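Per-entry structural report
Here's the letter readout for the chains.
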Number of protein chains: 2
Amino acid sequence: MTPLDDVDRKLLALLEADGRRTFADLAGEVALSQPAVKRRVDRLVAVGVIIGFTAVVDRARLDRPLEAFCELRFQGTTSPEDMEALRRDLPEVEAVYVLAGDFDALCHLRVRDMAHLREVVARLRATTGVVGTKTLMVMSSVRGPR
Amino acid sequence: MTPLDDVDRKLLALLEADGRRTFADLAGEVALSQPAVKRRVDRLVAVGVIIGFTAVVDRARLDRPLEAFCELRFQGTTSPEDMEALRRDLPEVEAVYVLAGDFDALCHLRVRDMAHLREVVARLRATTGVVGTKTLMVMSSVRGPR
DNA sequence: GATGAAAAGCCCTTAAC
DNA sequence: GTTAAGGGCTTTTCATC
């Protein structure tokens, strides 16, 4: 596949900052015609560099104000795929990171309140292969589009 | 402010799944007129439930295959705002989580390679207030829309 | 306070080059 | 990569419940 050029990179940056910018608008920024921009963006999606477009929702404001990380230790027979399965099985798990080092995985959690967190951690600890956890509370966080 | 109803929640779910869906399209899904949908979405943005719209870019495929976390310890005089400033100052920092507990903050990092990671961690360690770090390498991760 | 209808203008998309 | 054109979408205004 053709490598990305500077125009593609500019388009990525612009669409990362505002995923709803119009092709007409983007065309002006990169000094290209509208159809040319559309073809480039379509291609970026097709090759998977752009996974998709999404609304960034503030879950804290919506329904899950509490955020935490849970470091997990698994027994030696557990595969990375089994660890990643936590994301599929528990809706409170936003992400699972399989680690090299001390702990085997890191779970990013979002919950309604402490009782909910207690319940989720209990479910994690009851998961096959999990032999230990260490939970870290998040007091505040920053991310999303710059 | 008016609390969110089921239509708002439906719109959020739809826009999370596809941030570029048209208002006309959304209107069909929630059985409302186009202007009504636009007003609701504008309101969700205005009140901050929708932080913004973005293209989800696969940085691993693009230019930063390596992912890591860096746990940070700060001296007692450092404010949470100062910790969060790392996200603004270092482009390799995807997110900063201010923690309650052992470490003071957790940085999510994305880098090109090990040399790049070494450089970023060095910059973190050279940051005012940082007195200790512990870096965790990510071997694989799962997240994004289910 | 929120909605629907209508209209003008802009945007998207396709086709042709 | 460009231009051109049709159709669709967005956005504003205004009347309504």
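Residues numbered from 1 in each chain as written. Chains lettered and ligands numbered in written order. Predicted model: local features only at pLDDT ≥ 70, side-chain atom pairs only at ≥ 80, totals over all residues. Heavy atoms only, no water.

Here the focus is the protein's contact with DNA strand D. Around DNA strand D, the neighbouring residues are Leu32(A), Ser33(A), Pro35(A), Ala36(A), Arg39(A), Arg40(A), Thr22(B), Phe23(B), Ala24(B), Gln34(B), Pro35(B) and Lys38(B). Close to the protein, within 4 Å, the atoms of DNA strand D belong to sugar or phosphate groups at a rate of 50%. Residue Ala24(B) places a main-chain N or O atom 2.9 Å away from a phosphate oxygen belonging to DNA strand D. A distance of 3.5 Å is found between a phosphate oxygen of DNA strand D and a side-chain nitrogen or oxygen belonging to Lys38(B). Mapped by element, the contributors of at least two residues to the surface near DNA strand D are helix H3 (34–46) of chain A together with helix H2 (23–30) and helix H3 (34–47) of chain B. For the surface near DNA strand D, the element with the most residues is H3(A), which contributes 4 residues. Of the residues in the surface near DNA strand D, the class split is 6 nonpolar, 3 polar and 3 charged. (Near = heavy atom within 4 Å. Polar contact = N/O pair within 3.5 Å; in protein donor to acceptor, adjacent residues only side chain to side chain. Helix = DSSP H or I, 4+ residues; strand = E, 2+ residues; numbered from the N terminus. Nonpolar A, V, L, I, M, F, W, Y, C, P; charged D, E, K, R; others polar.)

Quick look at the protein's contact with DNA strand C now. As a structural note, the neighbourhood of DNA strand C is formed by 13 residues, with Ala24(A), Gln34(A), Ser33(B), Arg39(B) and Arg40(B) the closest of them. In this structure, Thr2(B) approaches DNA strand C through a side-chain N or O atom, which is 3.5 Å from a phosphate oxygen. Arg39(B) has a polar side-chain atom sitting 3.4 Å from a base nitrogen of DNA strand C. Elements supplying a minimum of two residues to the surface near DNA strand C: helix H2 (23–30) and H3 of chain A together with H3 of chain B. A total of 4 residues in the surface near DNA strand C trace back to one element, the largest contributor, which is H3(B). The residue makeup of the surface near DNA strand C, split by class, is 6 nonpolar, 4 polar and 3 charged.

Scanning all chains against the criterion turns up 3 aromatic pairs over all chains. When the ring of Phe69(A) is compared with that of Phe69(B), the centres are 6.2 Å apart and the planes differ by 70 degrees; the resulting orientation is edge-to-face. On the criterion of chain membership, the pair formed by Phe69(A) in strand E2 (residues 66–74) and Phe69(B) in strand E2 (residues 66–74) is interchain, its members lying in two chains. Both residues of the pair, Phe69(A) and Phe69(B), belong to the buried class. Relative to Tyr97(B), the ring of Phe69(A) has its centre 4.7 Å away and its plane inclined at 80 degrees; by these criteria the two rings are edge-to-face. Highlighted residues: Phe69(A) in strand E2 and Tyr97(B) in strand E3 (residues 93–100), drawn from two different chains. (Phe/Tyr/Trp six-rings, centres within 6.5 Å; stacked < 30°, edge-to-face > 60°. Buried < 20%, exposed > 50% of the residue type's maximum accessible area, 1.4 Å probe, protein only.)

This part is about the interface of chain B and chain A. Each side of the interface is counted separately: chain B has 56 residues, and chain A has 56 residues. The tally of links between chain B and chain A comes to 4 salt bridges. As a salt-bridge pair, Asp102(A) and Lys134(B) come within 3.6 Å of each other at their nearest N and O atoms. The tally of links between chain B and chain A comes to 33 residue pairs in polar contact (both at pLDDT 80 or more). Elements represented by at least two residues in the side of chain B that touches chain A include exactly helix H1 (6–17), strand E1 (50–57), helix H4 (59–62), E2, helix H5 (80–89), E3, strand E4 (105–111) and strand E5 (130–142) of chain B. Grouping the constituent residues of the side of chain B that touches chain A by class yields 31 nonpolar, 9 polar and 16 charged. As paired strands, strand E5 (residues 130–142) of chain A and E3(B) are joined by 5 bridges and run antiparallel to one another. Each residue of the ladder has a partner; that of Met137(A), found in E3(B), is Ala100(B). (Contact = heavy atoms within 4.5 Å. Salt bridge = Lys/Arg side-chain N within 4 Å of Asp/Glu carboxyl O. Pairing = 2+ DSSP bridges.)

Turning to the domain arrangement of chain A, a few remarks are in order. Along its sequence, chain A is carved into domain 1 (6–46) and domain 2 (59–137). Computed from C-alpha atoms alone, the centre-to-centre distance between domain 1 of chain A and domain 2 of chain A is 37 Å. (Domains from an automatic or database assignment.)

Next up on the list: the relation of the copies chain B and chain A. Rotating chain B by 178 degrees and moving it 0.5 Å along the rotation axis overlays it on chain A with an RMSD of 0.9 Å. The transformation relating the two chain copies, once decomposed into turn and shift, fits a two-fold axis. Measuring from the rotation axis to each C-alpha of chain B, the shortest distance belongs to Arg20(B), at 2.6 Å. The share of interface residues of chain B whose copies in chain A are also at the interface is 100%, consistent with both copies meeting through the same surface. (Least-squares fit on C-alpha atoms with pLDDT ≥ 70 in both.)

Any two packed helices are characterised by the angle at which their axes cross and by the distance between the axes. Residue and element names in this part refer to chain A. For the pair H2 and H3, the least separation of the axes is 8 Å and the interaxial angle reads 100 degrees. The angle between the axes of H2 and H3 places the two elements in the roughly perpendicular class. For the pair H2 and H3, contact is made by Phe23, Ala24, Leu26, Ala27 and Val30 and by Gln34, Val37, Lys38 and Val41, respectively. Classifying every residue of the contact of H2 with H3 by side-chain character gives 7 nonpolar, 1 polar and 1 charged. (Axes fitted to C-alpha atoms, helices over the stretch in contact; angles between N-to-C directions. Parallel < 35°, antiparallel > 145°, perpendicular 65-115°, else oblique.)

Let us look at the pattern of salt bridges. Any two side chains of opposite charge can pair, so long as their charged atoms come close to each other. Residues and elements named next belong to chain B. All chains considered together, the criterion is met by 34 salt bridges over all chains. The partner of Asp63 in a salt bridge is Arg59, and the shortest N-O contact between them spans 3.6 Å. Between Glu92 and Arg123 there is a salt bridge, with its nearest N and O atoms 2.8 Å apart. With Glu92 in the loop between H5 and E3 and Arg123 in helix H6 (residues 114–125), this pair connects stretches of sequence that are 31 residues apart. Residue Glu92 is classed as buried on the basis of its relative accessible area of 5%. For Arg123, a relative accessible area of 30% translates into the label partly exposed.

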